[in-house]
Amino acid sequence: MKKIFLKWHSQTRKLGFLAAMMAVSMVAFVMLSFPLNAQIPKSTELRGVWLTNIDSDVLFESDRLKSSLQTLQQLNFNTVYPAVWNWGYTLYPSKVAAKVIGKSVDPTPGLQKRDMLKEVVTEGHKQGLTVIPWFEFGFMAPADSLLAKNRPYWLTNRRDGTKIIKEGTHNRVWLNPFRPDVQKFIQDLIVEIVKNYDIDGIQFDDHFGLPSELGYDAYTTALYKKEHKGKLPPANAKDPEWVSWRANKITAFMKRVFTAIKANKKDCIVSVAPNPQRFSYEYYLADWQKWERMGLIEDLVLQIYRNDLNVFISELEYPEVKLAQSHIPVSIGILSGLKNRTVPMSQITTQIEKVRERKFAGVSFFFYETLWKLSQENPQQRQQAWQKNFPTPTNYPNLLAGWKPLNN
């Protein structure tokens, strides 16, 4: 009986060993069937998308917004940047805007009798999404907006006195970022959001600067003369000292805004989504490299909307980008399409791969409607491609939660 038991026990162990080996083989097969970059999922990777009210209706109806956020979560996105300041209006009910503009919220019918931002925060957090409102227009406003009409003295101009800046077919004007009353209005809007909503952060971009051809208004000219022994600003708008003087004033305001945000909510991430440094500084006086060095940026999402892959890659490798990457989470903004410019999914996937190869913190896409809707490609196939790019969930790379840069 003992010999029979030992023989049975030996066979059972062999069968157990064979079963274990088969299980290991199956696991290996399953792992190898995933895309290479999904075999060992990152613990953190920003997978963001901008939600805007331009060429998009995602924000204009509660059920549509809720469904969109659920879909993003199912596709393993983890961050949304909803626009909150566009077209000279807030997209949430604002007491600050009501006092200054005369309207508490954008008059678009789909935003009435609801608080869009509260909905994004509530449903976004329910879906495990990081919610970082996007202050999209910054100091910019439509030329025919109530804000521009009611406060013409807040606007700045070129040396010839003209104010209009063309954005496509749209006429824009710019609030003077050097005026204390303009600064107070913008800062009050920002602090209002930080204080009243359970947001994870707030985001600015190049519009938090100023087109470098502007700044010749009476207020700024007087301020420059006061600090330059009576000398007028240079006639050349791109004069290096004149560019630097204005950029430094904007940097000083950025520092005050950062301090005000932290005074009201210390764990509110300050995010900036600019163009590459050379463009931001020369054309918008937005010296984000200096902001980053000063500790005023905690989440950098660099907009690199390029079709040419070689140009796209070269933008990833500039020294100021690598320097920031060693200090804070740096992600790359990728264009997923525009209303009249479709971007093939193959191009998007390749750009994601190039970003991952260089160990950036993640990717964000402009904009929601073009992820799979505004495209010449089949929406279902686009969604399947997103699932292949993001096969498993990951966490938002939060600097304040102990994020550390990867070794490059």
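Residues numbered from 1 in each chain as written. Predicted model: local features only at pLDDT ≥ 70, side-chain atom pairs only at ≥ 80, totals over all residues. Heavy atoms only, no water.

**Q** Quick rundown of the pattern of salt bridges? Include the residues and the values.
**A** In this structure the tally under the stated criterion is 19 salt bridges. For the salt bridge of Arg64 with Asp57, the shortest nitrogen-to-oxygen distance reads 3.9 Å. A salt bridge links Glu298 to Lys262; its shortest N-O distance comes to 2.9 Å. Residue Glu298 is located in the loop between α10 (288-293) and β11 (299-303), and its partner Lys262 is located in helix α8 (residues 240-264); the two are separated by 36 residues in the primary sequence. In this pair, the class of Glu298 matches that of Lys262, namely buried. Connected through salt bridges with shared partners, the residues Glu317, Lys354, Glu357 and Arg358 form a single ionic network. (Salt bridge = Lys/Arg side-chain N within 4 Å of Asp/Glu carboxyl O. Helix = DSSP H or I, 4+ residues; strand = E, 2+ residues; numbered from the N terminus. Buried < 20%, exposed > 50% of the residue type's maximum accessible area, 1.4 Å probe, protein only.)

**Q** Describe the sheet that holds strand β6 (residues 140-142), and please don't skip the residues or the numbers.
**A** Sheet architecture is open: three strands sit in the order β6-β8-β7, paired in antiparallel fashion. Edge positions in the sheet fall to β6 and β7 (165-167), since each has one partner strand and no second. The average undirected angle you get between the axes of adjacent strands in this sheet is 45°. (Pairing = 2+ DSSP bridges. Axes fitted to C-alpha atoms, helices over the stretch in contact; angles between N-to-C directions.)

**Q** Got a sec to walk through the environment of Ser280? Specific residues and values, please.
**A** By secondary structure assignment, the location of Ser280 is in helix α9 (residues 277-284). Placed 68 residues apart in sequence, Ser280 and Ser212 show a C-alpha to C-alpha distance of 9.8 Å. In contact with Ser280, not counting residues within four places along its chain, are Asp206, Pro274, Asn275, Leu285, Ala286 and Trp288. There is a polar contact of 2.4 Å between the side chain of Ser280 and the side chain of Asp206. (Contact = heavy atoms within 4.5 Å. Polar contact = N/O pair within 3.5 Å; in protein donor to acceptor, adjacent residues only side chain to side chain.)

**Q** Explain the nonpolar core residue by residue, including any values.
**A** Counting residues in each nonpolar core, the largest one holds 113 residues, and the members touching the most others are Phe185, Ile186, Ile190, Phe204, Phe365 and Trp386. A per-element tally of this core places α8 first, with eight residues. Phe204 has contacts with Phe135, Ile190, Met254, Val257, Ile261, Val270, Ser271, Val272 and Ala273, leaving out every residue within four places of it along the chain. Counting six residues, the second-largest nonpolar core is a separate cluster that includes Tyr216, Leu223, Tyr224 and Trp245. (Core = buried A, V, L, I, M, F, W, Y, C linked by side-chain atoms within 4.5 Å.)

**Q** Give a description of helix α14 (residues 379-389) that names residues and reports values.
**A** Among the residues of α14, Arg382, Ala385, Trp386 and Asn389 are the ones counted as buried. Buried positions in α14, seen along its axis, are confined to an arc of 100° and lie on one side of it. Within α14, the exposed residues directed more than 90 degrees away from the buried face are Gln380, Gln381 and Lys388. Where α14 is buried, its residues touch α13 (345-357) and β15 (362-366). A side-chain oxygen of the first residue of α14 lies 2.8 Å from the backbone nitrogen of Gln380; this N-cap is Asn378. (Arc of directions from axis to C-beta.)

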